[in-house]
Structure formats: C-alpha cells, structure tokens
Amino acid sequence: MPLLELQDVTASYASVQVLDGISLSVPEGGAVGVLGANGAGKTTTLRAITGVVRAGGSIRFLGRDIRGLRPDQVAALGIAHVPEGRGTLGDLTVRENLKVGAYLRKDRAGIASDIDYCLDLFPQLKERVSANGSTLSGGEQQMLAVARAFMAKPKLLLLDEASLGLAPGTAKSVYQAIKRLRVESGISMLVVEQNANLAFSLVDEAVVLETGRSVLSGPTEELRTMDEIRRAYLGG
Ligand SMILES: Nc1ncnc2c1ncn2[C@@H]1O[C@H](COP(=O)(O)OP(=O)(O)O)[C@@H](O)[C@H]1O
Ligand SMILES: [Mg+2]
C-alpha cells in the first residue's frame, strides 16, 4: 500500500476547474517529484492534499480517504506542508519557529534533540538561532521552513518549490540538506519543483503535470533522458 495515493483528483477555484485528473503515489520512504510549468496545478495539488482546497477524486493516506478533512486534521495524521513562499513567522526567532513546528508533540527530550539536529543540518540557522525570522535571507527562510515542518515529525513532507527565488548555489545547498534529511530520517516526500535538475537530485521518480493533468511519470533516471523533459525542464 502506498503512503499517499491520488487518483483522478480534480479541484476548482470558484467555478474554474484547475485540476482535471491528477494521479500519483508516494511509496513509504519514497520521494516523488511533481514537475510542471507555472500554472500547471502543482501548488493546487498540494492544497488538495492538505484540505485547503476542496477536491474530487480520491486522496488516500495510509489507505484512508483523507479528502474532505480540514487542514489541521491532515497535519495531525502526519503530513507537513512547506508552502510556496515559505510561511515562516517573521516576529519569532529561529528557535521559536522550530518550537512552533513541534506544537503537537509532547516529547520534550525528542523536541530538543530534533532542534539540535535541524541546526546541525542547516549550520546557517545555528548562527542565527536567536534572530527574528524577518531578518533572515531568502535561503535561510527556506531552510527554516523545511526545518520547522520536520519538527512536526511528519510521515510525509510536502515541499513547494523550495528553490524559488534563491540564487543557484543557495538552492543547491538547500536541496543537499533536504537530501541528507531524507537519507537520515527516512521521511517520505512529495517535491514540487520547476527546476527539474534540483528535483532529480532528491527524488526517485516524478510526475509531470500539464494544465491540471498528470501526463507523464516514471523513475528519475528514465525521465532525465527523455527529450521532451530535457527540452521543457532541463534547459536542453
Ligand atoms: N486562489 C486562486 N484563485 C483562482 N485561481 C487560482 C488560484 N490559485 C491558482 N489559481 C490558478 O490555478 C491554476 C493552477 O495554479 P497553481 O496550482 O498555483 O499552479 P503551479 O503551482 O503549478 O504554478 C493557474 O491557472 C492559476 O492561475
Ligand atoms: Mg506553485
């Protein structure tokens, strides 16, 4: 049984349908990419999973239909969302943001050791642990958003364009840290990206969306060599 399975998912804003049949699945311990141009429906797919937008079709997490649940109920099941634009809390410090991420947990010792782990994973955050979120650079905010989501100890991490607006070197180091997090924690991931090279550095397989439909999917190694993927997403 996959950890997460979407079948023929549809969604609309007002009366405009923007998801028109999305199917994908994330195996337990796996990382799956969602590629697609601007406006393809990547963010809406994540919002359908987290219950922020109402969806049709089937969305199953650990075999249970989670369609129609509220966002807080979805989070409580073990799905953490790192939204587009990061959503860190600017008036809290880095350490406070990490504690907020752990708000549903009771294991004080585990929380403390996971905060240490996050600061080890992102040394730039360690240097700025008492700084307010609003004073962080874009890259540091992205690191904090990922770390804060991890602090919930989720089974599944949803990442929305973690590279957006970052300098290439910064984006690469954010992805390297997420890869390390994946290897060391075994956490499953659904990784939305426009930058296929970065996504391919992290995921085992990927799905390509075009105007609200999943049109292609396969293992990373296969997609990497396909002409249409190279032209559209790999700059060549
Ligand atoms: N809040 C919204 N209200 C109306 N239309 C929206 C809203 N958010 C996104 N859309 C539209 O839905 C489509 C899919 O958007 P989105 O899921 O954000 O795509 P992506 O993340 O792949 O860029 C686009 O045509 C976009 O303009
Ligand atoms: Mg988006």
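Above this text you will find the structure in question.
None of these values were measured; they are calculated from a predicted model.

Criteria and thresholds
- Residues numbered from 1 in each chain as written.
- Chains lettered and ligands numbered in written order.
- Predicted model: local features only at pLDDT ≥ 70, side-chain atom pairs only at ≥ 80, totals over all residues.
- Heavy atoms only, no water.
- Axes fitted to C-alpha atoms, helices over the stretch in contact; angles between N-to-C directions.
- Helix = DSSP H or I, 4+ residues; strand = E, 2+ residues; numbered from the N terminus.
- Parallel < 35°, antiparallel > 145°, perpendicular 65-115°, else oblique.
- Left-handed = near helix turned anticlockwise from the far one by under 90°.
- Contact = heavy atoms within 4.5 Å.
- Nonpolar A, V, L, I, M, F, W, Y, C, P; charged D, E, K, R; others polar.
- Donors = N, O, S within 2.8 Å, 3.2 Å for Na, K, Ca; no water.
- Pairing = 2+ DSSP bridges.
- Near = heavy atom within 4 Å.
- Polar contact = N/O pair within 3.5 Å; in protein donor to acceptor, adjacent residues only side chain to side chain.
- Areas by Shrake-Rupley, 256 points an atom, 1.4 Å probe, with all protein chains shown as cover.

**Remarks on the packing of helix α6 (residues 138-150) against helix α7 (residues 168-185)**
When two helices pack together, their arrangement is given by the angle between the helix axes and the distance between those axes. Relative orientation of the contacting elements α6 and α7 amounts to 15 degrees, with a least axis distance of 10 Å. Here α6 is positioned roughly parallel relative to α7, judged by the angle of their axes. When you trace α6 past α7, the crossing you get is right-handed. Residues Gly139, Gln142, Met143, Val146 and Phe150 of α6 touch α7, and the partners they reach there are Thr170, Ser173, Val174, Ile178, Leu181 and Ser185. Of the residues that constitute the contact of α6 with α7, the class distribution is 6 nonpolar, 5 polar and no charged.

**Brief notes about the coordination of the magnesium ion (ligand 2)**
In ideal tetrahedral geometry, four donors around a metal make angles of 109.5 degrees, whereas ideal octahedral geometry with six donors gives angles of 90 or 180 degrees. For the magnesium ion (ligand 2), the full set of protein donor atoms is Thr43 (OG1) and Glu84 (OE), at a range of 2.0 to 2.2 Å. Residue Thr43 is located in helix α1 (residues 42-50), and its partner Glu84 is located in the loop between β6 (79-82) and α3 (94-101); the two are separated by 41 residues in the primary sequence.

**Quick word on the packing of helix α4 (residues 108-121) against α7**
Between α4 and α7, whose axes approach to 10 Å, the crossing angle comes to 140 degrees. Relative to α7, the element α4 is oriented oblique. For the pair formed by α4 and α7, the contact residues are Tyr117, Asp120 and Leu121 on the first element and Ala177, Arg180, Leu181 and Glu184 on the second. In terms of residue class, the contact of α4 with α7 is made up of 4 nonpolar, no polar and 3 charged.

**A short note on the sheet that holds strand β2 (residues 16-26)**
Taking strand neighbours across the sheet as the criterion, the 4 strands line up as β2-β1-β4-β5 in an open arrangement whose pairing is antiparallel. Each having just a single partner strand, β2 and β5 (64-65) make up the two edges of the open sheet. Sheet topology places strand β1 (residues 4-13) next to β2; 8 bridges connect them, and they run antiparallel. Among the inter-strand pairings, Thr10 is bridged to a residue of β2, identified as Asp20. Helix-sheet contacts for α1 involve β1, β2 and β4 (55-61), and the interaxial angle to β1 is about 110 degrees.

**Section: the site of ligand 1**
Lining the immediate environment of ligand 1, one finds Tyr13, Val18, Ala37, Asn38, Gly39, Ala40, Gly41, Lys42, Thr43, Thr44 and Arg47. One nitrogen or oxygen atom from the side chain of Lys42 is found 2.8 Å from an oxygen atom belonging to ligand 1. Calculation on ligand 1 without its partners gives an accessible area of 560 Å², and the protein chains cover 59% of this total. Counting residues per element, the shell around ligand 1 draws most heavily on α1, at 4 residues. A class-by-class count of the residues in the shell around ligand 1 yields 4 nonpolar, 5 polar and 2 charged.

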